[in-house]
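# Report on the structure
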Amino acid sequence: MQVVKVRIGYGLGVRTTLNDEGFARVVDTLEALRFDSLWLSERIGGSAPDPVVGMAFAAGRTTRLKLGMSVMVLPGRNPVVVAKELATLDRLSAGRLLPAFGLGVADPHEQQAFGVERGERAGWFDEALAVIRACWTEDRVTHDGARFHYDGLRVEPKPHQSPPDVWLGGIAPSELRRVGRLADGWLPSFITPDDAAAGRAVIEQVAGEHEREIEDEHFGALVPYTLDRVPETTLAALAARRPDLEDPRVLIPSGWDALVRTIERFVAAGTSKFVVVPVVEPPDAAAWEDHLAQAAEVLLPLQKEGQRESVSSRP
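Residues numbered from 1 in each chain as written. Predicted model: local features only at pLDDT ≥ 70, side-chain atom pairs only at ≥ 80, totals over all residues. Heavy atoms only, no water.

### Describing helix α10 (residues 285-299)
With 15 residues, α10 should reach 21 Å at 1.5 Å per residue; the first-to-last C-alpha distance of 20 Å fits that figure. Three or more residues of α10 are buried, namely A285, W288, H291, L292, A295, A296 and L299. Seen end-on, α10 carries its buried residues on one side only, within an arc spanning 140°. Facing away from the buried side of α10, by more than 90 degrees, are the exposed residues D290 and E297. Regarding α10, its N-cap is D284, as a side-chain oxygen of that residue lies 3.3 Å from the backbone nitrogen of A286 further along. (Helix = DSSP H or I, 4+ residues; strand = E, 2+ residues; numbered from the N terminus. Expected span 1.5 Å × (residues − 1). Buried < 20%, exposed > 50% of the residue type's maximum accessible area, 1.4 Å probe, protein only. Arc of directions from axis to C-beta. Polar contact = N/O pair within 3.5 Å; in protein donor to acceptor, adjacent residues only side chain to side chain.)

Here you go:
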């Protein structure tokens, strides 16, 4: 019987305004309260801090807090430079990097910023990820693809982890297949526990078809929540994103008790790694500190009590 560990981190969404000294106070509080991880989102046209810069800043202030991005856009980036940056960050943080990559939001403004046509993103992503992994694991990289060409390229230093596990998100059929083919972990957002169980089954089937296996510890979920009513603008966006749901409110638990129950349902469905994100952020750093203290009191006991027997769908 295998037992997996429940871990809870905090995410700052794409609309966060924590891009000044308040960010440092939140990082320090997460470390002091012993949350597992901090996750930063990427949006060129938004106020959220750049995830690599933010993670590097946080790494320099902490010793145990893990650092992830939810997610970093790959299409449009030089994969060798990305590999170098993240390997350096992983070494400087003593192996606390949790890399998570994505294709990028389907928004004309963001696509313009990265310079990759929407229809080209998937191919670019797959090839860039292969190059990054090669840079992390091979002494010399030789690659001849549709977009990138290298002959005996040396990229140093190598990451502290050997190599870091790569997390991907998404619940669309093509995204689930990509996770099964390429990922080391799955971190979707705006899903229900039933979605998580169904998605895991697909991922494990695809992984098996490619003679791969994703560890039981590496199935997670990003869980948005609110302590009040869900804003109408958020509900409208969720209804457009998930037209299959009768009531999109099921995606956002309201109140600490509802958030705890939701996490417990995810755990029962086979999920063990969580990134919780407040839909409505506290207004300032002091309010964030109070909010996180409340969160620690109700959520962190789940890390101690939440160990469960593996529920893998693999035979």
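This is not the end of the story, as more comes after the structure.
### Observations concerning the sheet that holds strand β10 (residues 167-168)
Sheets are built from strands that pair by backbone hydrogen bonding, the pairs being arranged parallel or antiparallel. Taken together, the 4 strands give an open sheet; going across it, the order is β5-β7-β10-β11, and neighbouring strands pair in parallel fashion. Both edges of this open sheet fall to β5 (72-73) and β11 (185-186), since each of them pairs with a single strand only. Where β10 lies against β11, 2 bridges are found, and the strand directions are parallel. Bridging across to β11, L168 finds its partner in W186. (Pairing = 2+ DSSP bridges.)

### Some words on the pairing of strand β4 (residues 66-69)
Here 4 bridges tie strand β3 (residues 37-40) to β4, and the two strands are oriented parallel to one another. From the neighbouring strand, L40 faces β4, where its bridge partner is M69. In the classification by handedness, the crossover that spans β3, the intervening helix α2 (residues 51-61) and the parallel β4 is right-handed. Strand direction decides the pairing type here: β4 and strand β6 (residues 97-98), joined by 2 bridges, are parallel. Counterpart to G68 in the pairing with β6 is L98. (Right-handed = clockwise from strand over helix to strand, strands pointing away.)

### A word on the nonpolar core
Among the nonpolar cores identified, the biggest contains 73 residues, and Y10, L38, L86, F101 and L299 are the most heavily contacted of them. Setting aside residues up to four positions removed in sequence, L86 forms contacts with V52, M55, M69, M72, L97, F101 and W136. Listed in part, the 8 residues of the second largest apolar core include W39, L98, L187 and V275. (Core = buried A, V, L, I, M, F, W, Y, C linked by side-chain atoms within 4.5 Å. Contact = heavy atoms within 4.5 Å.)

### So, unusual backbone geometry
Cis geometry marks the peptide bond from S70 to V71, where omega comes out at 5°. Going from E156 to P157, the amide bond is cis rather than trans, its omega being 0°. One can find P157 in the loop between β9 (149-153) and β10. Even without a glycine there, the phi angle at A94 is positive, about 60°. Tracing the sequence through the fold places A94 in the loop between α3 (79-92) and β6.

### As for the sheet that holds β6
Here 6 strands make up an open sheet; going across it, the order is β6-β4-β3-β2-β13-β12 and the pairing parallel. Of all strands in the sheet, those with a lone pairing partner are β6 and β12 (220-225), marking the two edges. Against the sheet, helix α1 (residues 21-33) engages β2 (7-12) and β3, with an angle of about 150° to β3. Each of β3, β4 and β6 touches α2; the most contacted strand, β4, lies at about 175° to it. (Axes fitted to C-alpha atoms, helices over the stretch in contact; angles between N-to-C directions.)

### Here's the deal with the pattern of salt bridges
Counted under the stated rule, the structure contains 17 salt bridges. Here R25 makes a salt bridge to E289, at a shortest N to O gap of 2.9 Å. Here E289 lies in helix α10 and R25 lies in helix α1, a separation of 264 residues in the sequence. Residue E289 is classed as partly exposed on the basis of its relative accessible area, which comes to 25%. Close ionic contact of R229 with E232 constitutes a salt bridge, the shortest N to O distance being 3.9 Å. By the burial criterion, R229 is exposed, and E232 matches it. Connected through shared salt-bridge partners, E120, E127 and R147 make up one network. (Salt bridge = Lys/Arg side-chain N within 4 Å of Asp/Glu carboxyl O.)

### Thoughts on the environment of V230
If you trace the backbone, V230 turns up in the loop between β12 and α8 (232-241). Sequence separation of V230 and P253 is 23 residues, and the distance between their C-alpha atoms is 8.9 Å. Residues contacting V230, with those up to four places away along its chain left out, are L235 and I252.

### Side note on the packing of helix α9 (residues 256-268) against α10
Direction vectors running N to C along α9 and α10 enclose 45°, while the axes themselves pass 10 Å from each other. Put simply, α9 runs oblique to α10. Considering how the two elements wind past one another, α9 and α10 form a crossing that is right-handed. From α9, W256, L259, V260 and I263 reach across to α10, where they touch H291, Q294, A295, V298 and L299. Its residues assigned to classes, the contact of α9 with α10 shows 7 nonpolar, 2 polar and no charged. (Parallel < 35°, antiparallel > 145°, perpendicular 65-115°, else oblique. Left-handed = near helix turned anticlockwise from the far one by under 90°. Nonpolar A, V, L, I, M, F, W, Y, C, P; charged D, E, K, R; others polar.)

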